[in-house]
Amino acid sequence: MSFIELLTLAFRAIIGNKLRSVLTTLGIVIGVFAIIVLVSIGSGLQSYINDQITSLGANILDVMPGSSGFGGGPFQSVNKLTVQIGKKVQNRLIATADVSPMTESMANFKYKNVIDKGAYIIGTTSNYTKTIIRTKLTQGTFFTKGQEQSSAKVAVIGLSVYTKYFKGQNAIGKRMFIGSNLYTVVGVTDKIGSFL
């Protein structure tokens, strides 16, 4: 049987069984479409997750003092890391990594007569935004190395704090209490995430 005869026989079968031909074609189209959609969704999700992890710092090693028990027991802080330890680590990792010591705590935040109990506070060094979280500032600047070394009472606030207390006005130079200490706002970060 020649190719032309096979082609003629196939067309006759398609015309003779219209419903079966339409359903078969529809099944193939839906199957191909479903595969393309699933691959696109998977690729988009992978790209989104990679971007989120990269924005938080995919190459960050977080070192905390203490140890955990055998079998994944509770984490226990047995000693404290200090800024001096951070400087020693930095000196040993000169060309390999950057070190940004930080401490976290909860404190009362007061601006004018409004008090926010249990605000999340991070104390860190001037290279924090270069090494830990790369973020843009919507106002002002991050504190400088000089301000860090002189222990200047300056603060960079997150967008949610700015929105709550300073919305519609320039926050730079405003003074507020964090705990019992008075700080001057030098910068406002763009939105980073739910923890800042």
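The preceding data block contains the structure.
Residue numbers run consecutively from 1 along every chain, following the written order of its sequence. Only residues with pLDDT of at least 70 get local features here, since the model is predicted, and only at 80 or more are side-chain atom pairs given and counted; chain-wide, interface and lining totals rely on the full set of residues. Excluded from the side-chain calculation are hydrogens and water; included are all heavy atoms of the structure.

(A) A look at the overall build of the protein. Strands here are runs of E lasting at least two residues and helices are runs of H or I lasting at least four, both read from the DSSP assignment and numbered beginning at the N terminus. Each helix and strand in the protein was counted, giving 6 helices and 8 strands. From first element to last, N terminus to C terminus, the protein shows the α and β order α-α-β-β-α-β-β-α-β-α-β-α-β-β. Partly exposed describes any residue whose relative accessible area lies between the buried limit of under 20% and the exposed limit of over 50%, with all areas from a 1.4 Å probe on protein chains only and scaled to the type maximum. Looking at the protein as a whole, 19% of its 196 residues are labelled buried. Note on areas: Shrake-Rupley with a 1.4 Å probe; residue coverage comes only from the protein chains shown. Accessible surface for the protein amounts to roughly 14600 Å². Of this, 61% is attributable to carbon and sulfur atoms.

(B) The arrangement of the side chain of Thr189 in detail. Looking at the element boundaries, Thr189 is found in strand β8 (residues 181-189). Apart from residues lying up to four places away in sequence, Thr189 is in contact with Thr135, Lys136, Leu137, Thr138, Val156, Ile157, Gly158 and Leu159. The contact criterion used is simple: two residues touch if any of their non-hydrogen atoms lie within 4.5 Å.

(C) Focus on the pattern of salt bridges. Criterion for a salt bridge: a side-chain nitrogen of Lys or Arg within 4 Å of a carboxyl oxygen of Asp or Glu. Tallied over the full model, the rule gives 1 salt bridge. The shortest N-O distance in the salt bridge between Asp116 and Lys164 comes to 3.5 Å. Of this pair, Asp116 sits in strand β4 (residues 114-124) while Lys164 sits in helix α6 (residues 159-165), placing them 48 residues apart in sequence. A relative accessible area of 22% places Asp116 in the partly exposed class. Look at Lys164 and you get exposed, because its relative accessible area is 54%.

(D) Expanded view of the environment of Thr141. For Thr141, the location among the structural elements is in the loop between β5 (137-140) and α5 (145-149). Judged by relative accessible area, which is 47%, Thr141 ranks as partly exposed. Along the chain, Thr141 and Gly187 lie 46 residues apart, while their C-alpha atoms are 4.8 Å from each other. Contact partners of Thr141, with chain neighbours within four places excluded, come to Val156, Val186 and Gly187.

(E) Inspection of unusual backbone geometry at higher detail. Although it is not a glycine, Lys112 adopts a positive phi angle of roughly 55°. Here Lys112 lies in the loop between β3 (102-111) and β4. Residue classification places Lys112 among the exposed positions, given a relative accessible area of 61%.

(F) Just a nonpolar patch on the surface, in detail. Note on patches: the residues involved have over 30% relative accessible area and no salt bridge, like charges join within 9 Å, and the nonpolar side chains Val, Leu, Ile, Met, Phe, Trp and Tyr join within 5 Å. Nonpolar side chains collect at one region of the surface, where Phe3, Ile4, Leu7, Phe11, Ile14 and Ile15 lie side by side and expose about 670 Å² of accessible area between them. As for its placement among the helices and strands, Ile14 is situated in helix α1 (residues 3-16). You can call Ile14 partly exposed: its relative accessible area is 44%.

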